Amino acid sequence: MWLKLFFLLLYFLILFVLARFFEAIVWYETGIFATQLVDPVALSFKKLKTILECRGLGYSGLPEKKDVRELVEKSGDLMEGELYSALKEEEASESVSSTNFSGEMHFYELVEDTKDGIWLVQVIANDRSPLVGKIHWEKMVKKVSRFGIRTGTFNCSSDPRYCRRRGWVRSTLIMSVPQTSTSKGKVMLKEYSGRKVEVEHIFKWITAHAASRIKTIYNAEHLKEEWNKSDQYWVKIYLFANLDQPPAFFSALSIKFTGRIEFIFVNVENWDNKSYMTDIGVYNMPSYILRTPEGIYRYGNHTGEFISLQALDSFLRSLQPEVNDLFVLSLVLVNLMAWMDLFITQGATIKRFVVLISTLGTYNSLLIISWLPVLGFLQLPYLDSFYEYSLKLLRYSNTTTLASWVRADWMFYSSHPALFLSTYLGHGLLIDYFEKKRRRSNNDEVNANNLEWLSSLWDWYTSYLFHPITSFQNFPVESDWDEDPDLFLERLAFPDLWLHPLIPTDYIKNLPMWRFKCLGVQSEEEMSEGSQDTENDSDSENTDTSSSEKEAFEDKQSRVHNSPGRASHCGAEACSCANKYCQTSPYERKGQSYGSYSTSEDTEPDWLTWPADMLHCTECVVCLENFENGCLLMGLPCGHVFHQNCIVMWLAGGRHCCPVCRWPSYKKKQPYAHQPLSNDVPS
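Let me sum up the structure you'll find in this document.

Thresholds, definitions, all that
- Residues numbered from 1 in each chain as written.
- Predicted model: local features only at pLDDT ≥ 70, side-chain atom pairs only at ≥ 80, totals over all residues.
- Heavy atoms only, no water.
- Buried < 20%, exposed > 50% of the residue type's maximum accessible area, 1.4 Å probe, protein only.
- Helix = DSSP H or I, 4+ residues; strand = E, 2+ residues; numbered from the N terminus.
- Pairing = 2+ DSSP bridges.
- Expected span 1.5 Å × (residues − 1).
- Arc of directions from axis to C-beta.
- Contact = heavy atoms within 4.5 Å.
- Phe/Tyr/Trp six-rings, centres within 6.5 Å; stacked < 30°, edge-to-face > 60°.
- Lys NZ or Arg CZ within 6 Å of the ring centre and 35° of its normal.

Moving on, we get to the pairing of strand β9 (residues 287-292). Among the six residues of β9, five are classified as buried, and the element is accordingly described as predominantly covered. Between β9 and strand β10 (residues 295-299), which pair antiparallel in sequence order, lie two residues.

Okay, structure coming up:
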């Protein structure tokens, strides 16, 4: 995770440097910057109209270029970046989709339940033609969509009862705007009552209703009162301009930020005394002034601060974000970080996408789960001070020059998604190249074959699918299929074998193991060692095994001696050596003595070295040979004992059961209740 986060931060750094590189190229070729002001006199009439349309100002009654130029100057300074964005948006001329409502519930869910936006809906009555024709409606949709106004069409033939209840007996236009200035308040529906159905007249009607929600100041006394007033709004934005009404983008943003930021329009068209504006720091017209508890910020003096909807929207979102804005930002960052797995993961292509899907699901699930307590945490009433200090920190950090660069880069890359995706892909390919080089230098084997990786994935899956749930030991992921791929085909050829569980063989190393000893008998090594040094103890350990086997034996023996059952002699139901399969019942063996031993008959095995839950026996039923002094033994959970080599070969061959009683060799069994015999304890 930390590696992906590092690569993501590195990618953002590359984007920042790349944006500065593009600015240097533009400056070298044209000699201008994006923040450089443009003289409206040098622009054509078409470009001036494009700027006014992007700002949301009507120009239908202004036939002269001079009047249009003055209107552009009154609405705000024009920068090269804003001009470029406006011309690019005009050339794109992409068709904007409009919603077709299916009925009352659909209309209520999208229009009446939307508290922070504007809707323009064309209602088509039964057996009537629409009020606005198709061509004019498409132009209207394209014009208002620039300001975040959503559009739709409601055909009364789909729900005539709802139209009758609303009183829509003829085709009309309906606009929904929030009714109050509080966040998530009620909305009101306004019906168009004009006679002209041209696009410009309808747009004026929309902007007039949107501007009516903005507080407007017409004199200096009112401005002084409003400036010194303290109310619920911590952040206020003032527009000082010589206009009849604020631009459409300013009115649209006032609805979008309802309850968070207060928008105030100061109309200085007929002011005689403007001394108070000089006192509060307003010297130029028009001016966009942001007033916060920390001070005054003049919008438009930094990089990317254009007089447009997108630029001002990103600026205000960074200062006063909603919880939904933070969630969307975290969602984008988490998914960008998760997609890094596509390039970090090495091997087959299918493996990369499988790991990517798994990472995307895991990261998004964890993100949603982690946001749930955060939302509950923010609802607590005594966290208001924490919320205020967090917003104060955001305002301090986002009014810096670095933050303005970041916002400008965000707008640039969001308007050029192909460039953003191509740089992300190039960054990922570089990560993939260096990761391959690193693994080759470390001699890490990477499975680059799709079929081989799918085969290994199938083996991993089937090892969980067919393994029985046992309680003997913890089993690893590997299965017998890793060693013998033909086992799967063999099971397909014999369907009844599917009833047999597939068992890993790693449990064998956990079975009890010890050496067979006889009382009063020494091995050849012990005898030779005793002849060389008579002072050594006669109970010295066998030296015929390697050091590794001796350590394993001593560990097993220490566990046996520390078990609770070793407090008394292990009198057990002895399995006579004469009985080759040790299958006589305890009642039949109760009075029996031991059979022949591998040593002389006056010697007997040292049962004290045997684990408490093992049956006493002197013969291996696998090889049908008696136990010799010093040989290595192994016991199964059922209690039967065999030569270590014999039982390992038996179990490794796929027969995971006891050769005597057929009890599963991987499953625990309750120990036998041993009954002491006279032969167990020497008299």
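Let's shift gears to helix α6 (residues 134-145). For an α-helix, the turn length of 3.6 residues means that residues three or four places apart are oriented alike. Its twelve residues place the ends of α6 16 Å apart at the C-alpha level, agreeing with the 16 Å of an ideal helix rising 1.5 Å per residue. The set of residues buried in α6 consists of W137, M140, V141, K143 and V144. Mapping the buried residues of α6 onto a view down its axis gives an arc of 170°, with all of them on the same face. Projecting away from the buried face of α6 at angles above 90 degrees are the exposed residues K134 and I135. Buried residues along α6 sit in contact with α2 (45-55), β2 (119-124), β3 (150-155), β4 (172-178) and α8 (199-211).

Enumeration according to the criterion identifies 35 aromatic pairs in this entry. Grouped by ring-pair contacts, the aromatic residues F249, F250, F257, F263, Y288, Y297, Y299 and F315 constitute a single cluster. Positioned above the aromatic ring of W405, the side-chain terminus of R20 is 5.5 Å from the ring centre. Over the aromatic face of W650 sits the side chain of R655, whose NZ or CZ is 4.6 Å from the ring centroid.

This next bit is on the pairing of β4. It is a general feature of regular strands that their side chains alternate between the two faces of the sheet. Taken across its seven residues, β4 has seven buried, putting it largely inside the fold. Along β4, one buried face is formed by T172, I174, S176 and P178 and the opposite face, lined by L173, M175 and V177, is buried too. Inspection of the sheet shows β2 paired to β4 by five bridges, in the antiparallel sense. Note on β4: the bridge partner recorded for W119 is S176. Both β4 and strand β5 (residues 187-191) contribute to a ladder of five bridges, which runs antiparallel. For V177, the partnering residue across the bridge sits in β5 and is M188.

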